[in-house]
Amino acid sequence: MSTIGQLLVENPTRFSLDWLASQACWSPRQLERQFMERMGVSPKFLARISRFDKAFSLKQINPSLDWLSIALQTGYNDYQHLVKDFKQFAGVTPNVMMQAEKNSPERVLGIVTDHIPTR
């Protein structure tokens, strides 16, 4: 299960549920059930979280990139899907989150740099 989770975290848009299930020699339903039991979230939800994290990290590294470019580079179909994930996971829109990050005490005091380690 950890191998499948790692695949989803590293590249959340590359793998279909059917392909992942075949790699584990399970049916898609059995994979989802086992994944939920062991990881606490569905494979699809883990992929969404990972894609959201990649979009946020890409914007931190490249603040001049527009949100549509970031959405497309990180596997979203369009900007609105990216906004939906930001609202679900962060509770705010992408621009509000980036403004809060920019004004965070760590940034204001210079404790955090713009370099985000690659995963």
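Residues numbered from 1 in each chain as written. Predicted model: local features only at pLDDT ≥ 70, side-chain atom pairs only at ≥ 80, totals over all residues. Heavy atoms only, no water.

Undergrad: How do you make sense of the overall build of the protein chain when you look at a structure like this?
TA: Within the protein chain, the regular secondary structure consists of eight helices and zero strands. Listed by position from the N terminus, the elements making up the protein chain come as α-α-α-α-α-α-α-α. When its C-alpha atoms are laid out on the principal axes, the protein chain stretches across 50 × 30 × 25 Å. Looking at the 119 residues of the protein chain, the share that counts as buried comes to 34%. (Helix = DSSP H or I, 4+ residues; strand = E, 2+ residues; numbered from the N terminus. Buried < 20%, exposed > 50% of the residue type's maximum accessible area, 1.4 Å probe, protein only.)

Undergrad: Is there a simple way to explain the environment of Ala-90 in this structure?
TA: By the element assignment, Ala-90 lies in helix H6 (residues 79–90). Residues Ala-90 and Phe-52 lie 38 residues apart in sequence; the distance between their C-alpha atoms is 9.6 Å. Sequence-distant contacts of Ala-90, that is, excluding residues within four places in its chain, are made with Phe-52, Asp-85 and Met-97. (Contact = heavy atoms within 4.5 Å.)

Undergrad: Would you mind going over a nonpolar patch on the surface with me for this structure?
TA: A contiguous nonpolar patch, built from Val-108, Leu-109 and Ile-111 and spanning about 350 Å² of accessible area, is present on the exposed surface. Among the secondary structure elements, Leu-109 is positioned in the segment after helix H8 (105–108). (Patch = residues over 30% accessible without salt bridge, like charges linked within 9 Å, V, L, I, M, F, W, Y side chains within 5 Å. Areas by Shrake-Rupley, 256 points an atom, 1.4 Å probe, with all protein chains shown as cover. Salt bridge = Lys/Arg side-chain N within 4 Å of Asp/Glu carboxyl O.)

Undergrad: In this structure, what is going on with the nonpolar core? I would like to understand it.
TA: As a rule of thumb, nonpolar side chains are buried together in soluble globular proteins. Phe-52, Ala-55, Phe-56, Leu-58, Trp-67, Ile-70, Ala-71, Tyr-76, Leu-82, Phe-86, Met-97 and Met-98 together form the largest nonpolar core, which totals twelve residues. Of all the secondary-structure elements, those providing two or more residues to this core are helix H4 (43–61), helix H5 (67–73), H6 and helix H7 (94–102). Among the elements that make up this core, the one with the highest residue count is H4 (four residues). With near-sequence residues (within four places) excluded, Met-98 lies in contact with Phe-56, Lys-59, Gln-60 and Trp-67. Formed by nine residues, the second largest nonpolar core is a distinct cluster that contains Ile-4, Leu-8, Leu-31 and Ala-47. (Core = buried A, V, L, I, M, F, W, Y, C linked by side-chain atoms within 4.5 Å.)

Undergrad: What is the right way to read unusual backbone geometry from this model?
TA: Glycine aside, residues mostly have negative phi angles, and peptide bonds mostly take the trans form. Even without glycine at this site, Cys-25 takes up a positive phi of about 60°. The exposure class assigned to Cys-25 is exposed, which follows from its relative accessible area of 71%.

Undergrad: When you look at H6 in this model, what are you seeing that I'm missing?
TA: Residues three or four positions apart in an α-helix share a direction because the helix packs 3.6 residues into each turn. Along its twelve residues, H6 runs 16 Å from first to last C-alpha, staying within 8% of the 16 Å computed at 1.5 Å per residue. All of the buried residues along H6 are Leu-82, Val-83, Asp-85 and Phe-86. Buried positions in H6, seen along its axis, are confined to an arc of 165° and lie on one side of it. Residues of H6 that are exposed and point over 90 degrees away from its buried face: Gln-80 and Lys-84. The inward-facing, buried residues of H6 contact H4, H5 and H7. Two to three positions downstream of the cap, the backbone nitrogen of Gln-80 sits 3.1 Å from a side-chain oxygen, assigning the N-cap of H6 to Asp-78. Positive phi shows up at Gly-91, right after H6, with a value of about 80°. (Expected span 1.5 Å × (residues − 1). Arc of directions from axis to C-beta. Polar contact = N/O pair within 3.5 Å; in protein donor to acceptor, adjacent residues only side chain to side chain.)

Undergrad: Mind showing me how you'd approach the pattern of salt bridges here?
TA: Close approach of charged atoms allows side chains of opposite charge to pair. In this structure the tally under the stated criterion is two salt bridges. For Asp-85, the salt bridge identified is with Arg-48, shortest N-O distance 2.4 Å. With Asp-85 in helix H6 and Arg-48 in helix H4, this residue pair connects regions lying 37 residues apart in the sequence. Per residue, the accessibility class of Asp-85 equals that of Arg-48, and both read buried. The residue Arg-51 makes a salt bridge to Asp-85 at a minimum N-O spacing of 3.8 Å.

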